[in-house]
Amino acid sequence: MHPAGVTIITLDGADGPVGFTASSPSSLSSRPALVSFNVGISSSSLAAVLDARTAVIHLLGEADRPRDRPTTRRPPLDERGPPRVRAACPA
């Protein structure tokens, strides 16, 4: 839906407001406005998503990032140490 942003989905759940970040939103149509997003079967928000009649999708960008918190970043490759090798999965 928008590059390099964060999408937050909010709903009115049976026990109060529910919200979660979504990394999979897709625009399906502009008229009528239709979007899709994925929710894992083990998500604590799944029941609220299934029961909700509406959802609000918040598209956050750089302007919405709090200025008092530093941006999280990974250390440079040389500071991470040697790469770890995982064992192959058994067939």
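Residues numbered from 1 in each chain as written. Predicted model: local features only at pLDDT ≥ 70, side-chain atom pairs only at ≥ 80, totals over all residues. Heavy atoms only, no water.

Sheets are built from strands paired through backbone hydrogen bonds, the pairs being either parallel or antiparallel. Strand order in the open sheet formed by three strands is β2-β1-β5, and the pairing between neighbours is antiparallel. A single partner strand is all that each edge strand has here, and the edge strands are β2 (16-22) and β5 (56-60). Between one strand axis and the next, the sheet turns by 25° as a mean value, whatever way the strands run. Both strand β1 (residues 6-13) and β5 contribute to a ladder of five bridges, which runs antiparallel. What sits directly across from Val 6, in β5, is Leu 60. (Pairing = 2+ DSSP bridges. Helix = DSSP H or I, 4+ residues; strand = E, 2+ residues; numbered from the N terminus. Axes fitted to C-alpha atoms, helices over the stretch in contact; angles between N-to-C directions.)

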